[in-house]
Amino acid sequence: MTRVQNKTMKKIIITLILIANTVFAIDIHEFKTEQQRLDYQQLTEELRCLVCQNQNIADSDAGLAKDLRNEVAKMVQQDMSQSEITDYLVERYGDFVRYNPPMRADTIVLWAMPLLVLLIAGFIVIRTIKKNTTSTHTNESDS
Amino acid sequence: MNKTVIKALIPLLLFLTLVYLLYQGLGKDTRLLPSALINKPAPEFALPSLMNGKIIDNNALKGKMYLLNVWASWCPNCRVEHPMVTEFARQNIIPVYGLNYKDENATAKAWLNQFGNPYTDILVDDKGLVGIDFGVYGAPETFLVDGNGIIRHKIVGELNPQNIQNELLPLIEKYKNTVKN
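These numbers come from a predicted model, not from an experiment.

Asks: Let's hear about the nonpolar core: which residues, and what values?
Replies: The biggest cluster of nonpolar side chains holds 43 residues, and the ones touching the most others in it are V72 and Y93 of chain A together with F134 of chain B. Contributing elements (two or more residues each) for this core: helix 2 (34-46), helix 3 (63-77) and helix 4 (82-93) of chain A together with strand 3 (66-71), strand 4 (96-101), helix 5 (129-133) and strand 6 (141-145) of chain B. For this core, the element with the highest residue contribution is helix 3 of chain A, accounting for 7 residues. When residues no more than four places from it in sequence are discounted, the contact partners of Y93 of chain A are L50, L64 and L68 of chain A together with A36, G131, I132, G135, V136 and Y137 of chain B. Ranked by size, the runner-up nonpolar core spans 27 residues in total, among them L50, C75, A89 and L144 of chain B.

Asks: I'd like a rundown of the sheet that holds strand 7 (residues 151-156) of chain B, residues and numbers included.
Replies: Residues and elements named next belong to chain B. The strand order across the open sheet built from 5 strands is 5-4-3-6-7, with neighbouring strands paired in mixed fashion. The two strands at the open ends of the sheet, each matched to only one other strand, are strand 5 (121-125) and strand 7. The mean angle between the axes of side-by-side strands here comes to 20°, regardless of whether they run parallel or antiparallel. Pairing geometry for strand 6 and strand 7, over 5 bridges, is antiparallel. Residue pairing across strands places E141 opposite V156, the latter belonging to strand 7. Of the strands in this sheet, strand 3, strand 4 and strand 6 touch helix 3 (residues 76-90), which is tilted by about 160° from strand 3.

Asks: So what about the pairing of strand 3 of chain B? Which residues, and what values?
Replies: Residues and elements named next belong to chain B. The buried fraction of strand 3 amounts to 6 of the 6 residues, a majority that puts the element mostly inside the structure. With burial as the criterion, each face of strand 3 is covered, one bearing Y66, L68 and V70 and the other bearing L67, N69 and W71. One ladder, built from 5 bridges, connects strand 3 with strand 6; its direction is antiparallel. Each residue of the ladder has a partner; that of L67, found in strand 6, is L144. Inspection of the sheet shows strand 3 paired to strand 4 by 5 bridges, in the parallel sense. Its bridge partner being in strand 4, V70 is matched across the sheet by L99. Handedness of the crossover joining strand 3 and strand 4 through helix 3: right-handed.

Calculation notes
Residues numbered from 1 in each chain as written. Chains lettered and ligands numbered in written order. Predicted model: local features only at pLDDT ≥ 70, side-chain atom pairs only at ≥ 80, totals over all residues. Heavy atoms only, no water. Core = buried A, V, L, I, M, F, W, Y, C linked by side-chain atoms within 4.5 Å. Buried < 20%, exposed > 50% of the residue type's maximum accessible area, 1.4 Å probe, protein only. Helix = DSSP H or I, 4+ residues; strand = E, 2+ residues; numbered from the N terminus. Contact = heavy atoms within 4.5 Å. Pairing = 2+ DSSP bridges. Axes fitted to C-alpha atoms, helices over the stretch in contact; angles between N-to-C directions. Right-handed = clockwise from strand over helix to strand, strands pointing away.

Rendered as structure tokens:
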């Protein structure tokens, strides 16, 4: 391939990629501010699709996910805060709709467990290291 | 017991805890989600009737316990449960309202003509927005709303003789006297 051809190919590929991007962005929402757009993006990524449970509503193709995206966009455009919008959906669908669970009495185990495991593991590691160093010391003093 | 034995038992205990936790998750249908609206007032709605286009709202249904059955002509399991809905409505225990969820009026009517219409009336929720207020995430779903407009139960999936007998009827019995008027 000549240089010129190569350049045109590049251009064509870039155009195709750009077109593909616009094709995949199925629903288009207009936001007044950049902050609203970011809110919308963050929310749809943190809300779980209830039909296909391992996807967030931003990624899911399910009809319900699309409806929920529209609802979220509508609420963002009405200047509702992120937590207000999350509350709105939790009221209807329960905590299940959140990928980011709240810290409450009944979820404390969930939040505390990693820390607890880390503490226990750290304790064991430190103890083992200490033990080994003391035994080496004793060995040295023995010899 | 000496120290070594206790130490040796720790991994076993951890293992058993893990087994217990994993066992809890076995055989559980993860698609069934608990409703956040149980024992809370039914969301407000005002939707046209499929039959005559008249608006039906919460107030029109207040004062009597009713079943709200979410269905659509595109939903295969709604067809499966249809005989059960028909049978339940025929017994005249409480009225059964339909919520025609994200459907086309014409196909919904054709569906009812073909299989029969068990509903006292049908609310048209073509956009699915009232569905969102009710926390609907699929069809069929069925809500039991008491005379004070409080949601008392939700069944996700088809009605069947078991859940009618074991879930709906006892709750209908329990809340039938809460109706004030």
